Amino acid sequence: NQKNITSLSENDIATIRNQYIGFVFQFHHLLPEFTAKENILIPTLIHEDVNKSHDADTLLEFVGLTERQSHLPSQLSGGERLRIAVLRAMINKPKVILADEPTGNLDSKSGVEIMKILDKLHSSGNTIILVTHEEYIADHADRTIHLFDGKIKEDITTAKNKRVFS
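Residues numbered from 1 in each chain as written. Predicted model: local features only at pLDDT ≥ 70, side-chain atom pairs only at ≥ 80, totals over all residues. Heavy atoms only, no water.

Caption draft 1: How the structure looks around the packing of helix α4 (residues 78–90) against helix α5 (residues 108–123). With their axes 9 Å apart at the nearest point, α4 and α5 run at an angle of 20° to one another. In this view, α4 runs roughly parallel relative to α5, as classed from their interaxial angle. Crossing geometry of α4 relative to α5 is assigned as right-handed. Seen from α4, the contacting residues are Gly79, Leu82, Arg83, Val86 and Met90; seen from α5, they are Ser110, Ile114, Ile117, Leu118 and Leu121. Across the contact of α4 with α5, the residue classes break down as seven nonpolar, two polar and one charged. (Axes fitted to C-alpha atoms, helices over the stretch in contact; angles between N-to-C directions. Helix = DSSP H or I, 4+ residues; strand = E, 2+ residues; numbered from the N terminus. Parallel < 35°, antiparallel > 145°, perpendicular 65-115°, else oblique. Left-handed = near helix turned anticlockwise from the far one by under 90°. Contact = heavy atoms within 4.5 Å. Nonpolar A, V, L, I, M, F, W, Y, C, P; charged D, E, K, R; others polar.)

So this is what it looks like as structure tokens:
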């Protein structure tokens, strides 16, 4: 958003992360004592935005998990847990989603489901930055940056109409 963050305080940087960036981790990091819906709403608690319950309901419907909203993470499959983690990343309507190996611990069917969700989010205007070791996931991207020993080895832009998971 054209802000120089180098001189901001840690609290101000945390606010920017909470409001503009959604994080999806390989290990979903859901809190075990909270329901699926409560886990989605956790980022809203930071700024005491308690009016997001309807947004959580809409997101649950978006990924087909409305009937699972009251379940604890231990009662959800790996794919369902990751979908909840994606929704948690989306609840504050961030401009950018950072996804670190979001399909790494899933079977291929669940991985494809996660990629379909990320594809829909990208199609609706979100920027998705995804880290993966899976070539079939990387092949889906409009732009792929290959790293080797922490340095850019290759930067490839592909056709905008390339969609593997649609």
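After that view, the rundown keeps rolling.
Caption draft 2: Geometry of the pairing of strand β1 (residues 21–24). Side chains of β1 alternate between two faces, with Gly22 and Val24 buried and Ile21 and Phe23 left unburied. One ladder, built from four bridges, connects β1 with strand β2 (residues 96–100); its direction is parallel. Paired with valine 24 across the two strands is alanine 99, which belongs to β2. (Buried < 20%, exposed > 50% of the residue type's maximum accessible area, 1.4 Å probe, protein only. Pairing = 2+ DSSP bridges.)

Caption draft 3: Seen up close, α5. With 16 residues, α5 ought to run about 22 Å at 1.5 Å a step, and its terminal C-alpha atoms sit 22 Å apart, in line with that. Within α5 the residues assigned to the buried category are Ser110, Gly111, Ile114, Met115, Ile117, Leu118, Asp119 and Leu121. Where the residues of α5 are buried, they touch α3 (53–62), α4, β2, β3 (127–131) and α6 (135–138). At the exit of α5 stands glycine 125, carrying a positive phi of roughly 110°. (Expected span 1.5 Å × (residues − 1).)

Caption draft 4: Structural context of the sheet that holds β1. Spatially, β1-β2-β3 is the arrangement adopted by the three strands of the open sheet, whose pairing is parallel. In the strand order of this sheet, the two ends are held by β1 and β3, each with one partner. Adjacent strand axes in the sheet meet at a mean angle of 15° when their direction is disregarded. The sheet contacts of helix α1 (residues 10–20) involve β1 and β2, and relative to β1 the element is tilted by about 75°.

Caption draft 5: Representation of unusual backbone geometry. Even without a glycine there, the phi angle at lysine 93 is positive, about 55°. Checked against the element boundaries, lysine 93 lands in the loop between α4 and β2. In this model, aspartate 149 sits at a positive phi of 50°, which is unusual for a non-glycine residue. Looking at where aspartate 149 falls in the secondary structure, it is placed in the loop between β4 (143–148) and β5 (151–157).

Caption draft 6: Examining α3 more closely. Restricting attention to buried positions, one finds in α3 the residues Ala56, Leu59 and Leu60. Seen end-on, α3 carries its buried residues on one side only, within an arc spanning 100°. Summarising the geometry of α3, the exposed residues directed more than 90 degrees from the buried face are His54 and Glu61. In the stretch just after α3, glycine 64 is the one whose phi turns positive, near 70°. (Arc of directions from axis to C-beta.)

Caption draft 7: Representation of the pattern of salt bridges within the structure. This model, assessed by the stated rule, comprises five salt bridges. Ionic pairing is found between aspartate 55 and lysine 93, a salt bridge with its closest N-O pair at 3.5 Å. Note that aspartate 55 is positioned in helix α3 and lysine 93 in the loop between α4 and β2, a separation of 38 residues in sequence. Relative accessible area serves as the criterion here: at 56%, lysine 93 is assigned to the exposed category. Among the salt bridges present, the one from arginine 68 reaches glutamate 80, with a minimum N-O distance of 3.1 Å. One end of the pair, arginine 68, is in the loop between α3 and α4; the other, glutamate 80, is in helix α4, with twelve residues separating them in the sequence. Judged by its relative accessible area of 19%, arginine 68 is buried. By relative accessible area, which is 13% here, glutamate 80 ends up buried. (Salt bridge = Lys/Arg side-chain N within 4 Å of Asp/Glu carboxyl O.)

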